[in-house]
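Here's the letter readout for the chains.
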Amino acid sequence: MIKDNRVLFPLSQGILLEVSERGRREIFTYEKAELCGLIGSDGGTYSTKAHPHHEVHFISIDRELIERYHELFRKVYDIEPHLHTYKKRGGSYFETRTYDKGVYFDIWELGTKPGAFQFRVPFKYLDERGLRKYLSGFYSGDGYITKDGEQYRIGYQSTCKEGLEELRKAFEFLKFHPHDIHLWEKGRPRWRDPYHFSIPVNEHMRFIKEIG
């Protein structure tokens with residue numbers, strides 16, 4: 001495929017080989033970029049020597065978001081995840097899992113989910129549109145929209161401050177002007193400190209158009 005003065009060769013597991021005047025590099029397909037954004041927000045990996053399950057999972061209360069995760073997972077890995085539904089007081093939530101060694105190590109080696117409650121933006125594998133797709137996937141899991149008086153606020157939240165700083169850098173690379181990172185409202189009991197940053201009001205329409 002020839003695109004934007006570069007040639008893209010499909011490899012495997014959602015990876016493309018990009019060849020251009022600047023050299024060669026491996027990049028994500030747009031489906032894999034969005035999938036990694038979802039996993040970075042509300043997903044994870046789990047495997048130990050005592051329990052070598054090689055598990056990749058994603059959790060959400062939104063059935064539509066779970067279905068989108070499954071669609072992306074099938075396109076990238078050609079595997080159908082296992083869906084589990086759990087009841088809790090006031091509603092229910094969904095957890096989808098796979099137990100595949102190849103998928104587990106692919107996610108692990110990319111470094112996008114280095115540990116529980118941690119994430120990193122895989123910049124080296126993302127072209128500009130791929131970066132937008134990653135931000136879109138992450139927003140689906142850990143984004144927010146609130147109303148403060150007559151004004152809306154769009155932003156990202158996470159207990160992983162280091163990862164949140166990388167999300168801000170991603171927006172700056174795309175020529176947005178995200179606000180600084182702040183600790184979420186004090187006085188709300190939580191077992192881990194949540195941080196957030198928001199997008200300026202005058203960039204909301206651009207965010208909706210480019211990130212979604």
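These remarks concern the structure in this document.

Parameters and conventions
Positions within a chain are numbered from 1, following the residues in the order the chain's sequence is written. Owing to the predicted nature of the model, reporting of local features is limited to residues with pLDDT of at least 70; listing and counting of side-chain atom pairs is limited to 80 or more, with chain, interface and lining totals taken over all residues. Hydrogens are left out, water is left out, and the side-chain values use all remaining heavy atoms of the structure. By nonpolar core we mean a set of buried residues, namely Ala, Val, Leu, Ile, Met, Phe, Trp, Tyr and Cys, connected to one another through side-chain atoms within 4.5 Å. Each residue is placed in one exposure class: buried if its accessible area under a 1.4 Å probe, protein chains only, is under 20% of its type's maximum, exposed if it is over 50%, and partly exposed if it falls in between. Here a helix means four or more residues in a row that DSSP labels H or I, a strand means two or more in a row labelled E, and each is numbered from the N terminus. Here a residue-residue contact requires only that any non-hydrogen atoms of the pair lie within 4.5 Å. For a helix, the expected span equals 1.5 Å multiplied by the residue count minus one. Only when DSSP finds a minimum of two bridges between them are two strands counted as paired. Helix axes are fitted only over the stretch in contact, all axes being lines through C-alpha atoms; the angle between N-to-C directions runs from 0 to 180 degrees. Put simply, a salt bridge is a Lys or Arg side-chain nitrogen that is within 4 Å of an Asp or Glu carboxyl oxygen. Orientation is classified from the angle alone, with under 35 degrees giving roughly parallel, over 145 giving roughly antiparallel, 65 to 115 giving roughly perpendicular, and any other angle giving oblique. Throughout, a crossing is termed right-handed when the near helix is turned clockwise from the far one, and left-handed when it is turned anticlockwise from it by less than a right angle. Here the term charged refers only to Asp, Glu, Lys and Arg, the term nonpolar to Ala, Val, Leu, Ile, Met, Phe, Trp, Tyr, Cys and Pro, and the term polar to all other amino acids, Gly among them.

### Focus: the nonpolar core
Okay, so step 1: Grouped together as the largest cluster of nonpolar side chains are 29 residues, with contacts concentrated most on Leu135, Tyr156, Leu167, Phe171 and Phe207.
Okay, so step 2: Among the elements of the structure, helix H1 (30-42), helix H4 (128-142), strand S10 (151-158), helix H5 (161-173) and strand S12 (195-199) are those that each provide at least two residues to this core.
Okay, so step 3: No other element matches the five residues that H4 contributes to this core.
Okay, so step 4: Sequence-distant contacts of Phe207, that is, excluding residues within four places in its chain, are made with Tyr139, Ile154, Tyr156, Phe171, Phe176, Ile199 and Gly212.
Okay, so step 5: Residues Leu35, Ile66, Val103 and Ile107 belong to the second largest nonpolar core, which totals 16 residues.

### Here's the deal with H4
Given 3.6 residues to a turn, an α-helix orients residues that are three or four positions apart in the same direction.
Okay, so step 1: Taking 1.5 Å of rise per residue, the 15 residues of H4 would be expected to cover 21 Å, and the 21 Å separating its terminal C-alpha atoms lies within 8% of that figure.
Okay, so step 2: Counting buried positions over the 15 residues of H4 gives eleven, a clear majority of the element.
Okay, so step 3: All buried positions along H4 are accounted for by Gly130, Leu131, Arg132, Tyr134, Leu135, Ser136, Gly137, Phe138, Tyr139, Gly141 and Asp142.
Okay, so step 4: In this fold, the buried residues of H4 make contact with H1, helix H2 (63-77), strand S9 (143-148), S10, H5 and helix H6 (204-210).

### Focus: the sheet that holds strand S5 (residues 43-46)
Okay, so step 1: Strand order in the open sheet formed by four strands is S5-S6-S8-S7, with antiparallel pairing between adjacent strands. At either margin of the open sheet sits one strand with a lone partner, and together these are S5 and strand S7 (82-88). If you compare each strand with its neighbour and ignore which way they point, the axes differ by 25° on average.
Okay, so step 2: Sheet analysis places S7 next to strand S8 (residues 91-99), joined by seven bridges and oriented antiparallel. Residue pairing in the sheet places Leu83 in a bridge with Thr96 of S8.
Okay, so step 3: Sitting on the sheet, H1 is in contact with S5 and strand S6 (55-60), with an inclination near 75° to S6.
Okay, so step 4: Those strands touched by H2 are S6, S7 and S8, and its axis lies near 150° from that of S6.

### As for the environment of Arg24
Okay, so step 1: Mapped onto the elements, Arg24 comes out in strand S4 (residues 23-28).
Okay, so step 2: Through-space distance from the C-alpha of Arg24 to that of Arg63 is 39 Å; in sequence the pair is 39 residues apart.
Okay, so step 3: Sequence-distant contacts of Arg24, that is, excluding residues within four places in its chain, are made with Leu17, Glu18 and Val19.

### Quick notes on the pattern of salt bridges
Okay, so step 1: Overall, the coordinates contain 17 salt bridges when judged by the stated rule.
Okay, so step 2: A salt bridge links Arg120 to Glu166; the shortest N-O distance between them is 4.0 Å. Taken together, the positions of Arg120 in the loop between helix H3 (101-110) and H4 and Glu166 in helix H5 put the pair 46 residues apart, joining distant regions of the chain.
Okay, so step 3: Asp180 is paired through a salt bridge with Arg168; the nearest N and O atoms lie 3.8 Å apart. Of this pair, Asp180 sits in the loop between H5 and strand S11 (182-183) while Arg168 sits in helix H5; the two residues are twelve residues apart in sequence, bridging distant segments of the chain.
Okay, so step 4: Take Asp180: its relative accessible area is 51%, and that puts it in the exposed class.
Okay, so step 5: In the salt-bridge network here, residues are joined through shared partners; they are Arg6, Glu18, Arg25 and Asp127.

### A closer look at the packing of H1 against H2
Okay, so step 1: Taken N-terminus to C-terminus, the directions of H1 and H2 make an angle of 130°; their axes are 9 Å apart at the nearest point. For the element pair H1 / H2, the angle class is oblique. Regarding H1 and H2, the two cross each other, and that crossing is left-handed. On the side of H1, the interface is formed by Glu31, Lys32, Glu34, Leu35, Leu38 and Ile39, while H2 contributes Leu65, Arg68, Tyr69, Leu72, Phe73, Lys75, Val76 and Tyr77.
Okay, so step 2: Split into classes, the residues belonging to the contact of H1 with H2 amount to nine nonpolar, no polar and five charged.

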